[in-house]
Amino acid sequence: MTITKNPRRETVTFGPGALESIKLTTWTTKHGVGKLKAAGDFTVYCGYGNEHSVRIDETSAAADHEGLEPSAAVDELVGYSLEGWSDPCDDGTES
Ligand SMILES: [Zn+2]
């Protein structure tokens, strides 16, 4: 995990694994509101033994993730993005 800081914006990247191309950015708006954004490609290892790359682009209020480690916060944001994803291997029929 790498954390890059400047006064207004902090970016966290994660090590090898499903999150390796996801960046978590945290910043404070000029109105003083904390924001979090997860962006990148998340690798899903699906139940059919395949890998899928899912585009993540999710912004949330930092207050909703207060006190979490970056890796836990990014898990939540990725979870929001995956709610709308369905496995293309699953065509709705039982095999
Ligand atoms: Zn699949």
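This text goes with the structure placed above it.
Residues numbered from 1 in each chain as written. Predicted model: local features only at pLDDT ≥ 70, side-chain atom pairs only at ≥ 80, totals over all residues.

**Remarks on the overall build of the protein**
Part 1: When its secondary structure is counted, the protein shows one helix and five strands.
Part 2: Ordered by position from the N terminus, the helices and strands of the protein form the series β-β-β-β-β-α.
Part 3: Reported as C-alpha extents along the three principal axes, the dimensions of the protein are approximately 55 × 25 × 20 Å. (Helix = DSSP H or I, 4+ residues; strand = E, 2+ residues; numbered from the N terminus.)

**Quick notes on the pairing of strand S4 (residues 34-45)**
On a regular strand, one side chain projects to one face of the sheet and the next to the other, so that they alternate.
Part 1: Note that strand S3 (residues 21-28) and S4 share eight bridges and pair antiparallel. Residue pairing across strands places Leu24 opposite Ala38, the latter belonging to S4.
Part 2: Hairpin connection of S3 to S4: five residues between the antiparallel strands, including Gly32 at a positive phi of 85 degrees.
Part 3: Where S4 meets strand S5 (residues 51-61), eleven bridges bridge the pair, whose relative direction is antiparallel. Across the sheet, residue Val44 finds its bridge partner in S5, namely His52.
Part 4: Counted between consecutive antiparallel strands, the loop separating S4 from S5 contains five residues, among which Gly49 sits at a positive phi close to 85 degrees. (Pairing = 2+ DSSP bridges.)

**Considerations on the nonpolar core**
Part 1: Val12, Leu19, Ile22, Leu24, Leu36, Ala38, Phe42, Ile56, Ala73, Val74, Leu77 and Val78 together form the largest nonpolar core, which totals twelve residues.
Part 2: Those elements that place two or more of their residues in this core are S3, S4 and helix H1 (70-82).
Part 3: In this structure Ala73 touches Leu24, Leu36, His65 and Leu68, once residues within four positions along its chain are discounted. (Core = buried A, V, L, I, M, F, W, Y, C linked by C-beta atoms within 7 Å. Buried ≥ 20, exposed ≤ 12 C-beta atoms within 10 Å, placed from the backbone. Contact = placed C-beta atoms within 7 Å.)

**Some words on the sheet that holds S3**
Part 1: Ordered by their spatial adjacency, five strands build an open sheet running S1-S2-S3-S4-S5, and the pairing between neighbours is antiparallel. Only two strands of the sheet have a single partner each, and these edge strands are strand S1 (2-5) and S5. On average, adjacent strands in this sheet sit at an angle of 15 degrees to one another, irrespective of strand direction. (Axes fitted to C-alpha atoms, helices over the stretch in contact; angles between N-to-C directions.)

**Digging into the pairing of S3**
Part 1: The pairing of strand S2 (residues 9-13) with S3 spans five bridges and is antiparallel. Within S3, the residue paired with Glu10 across the bridge is Thr26.

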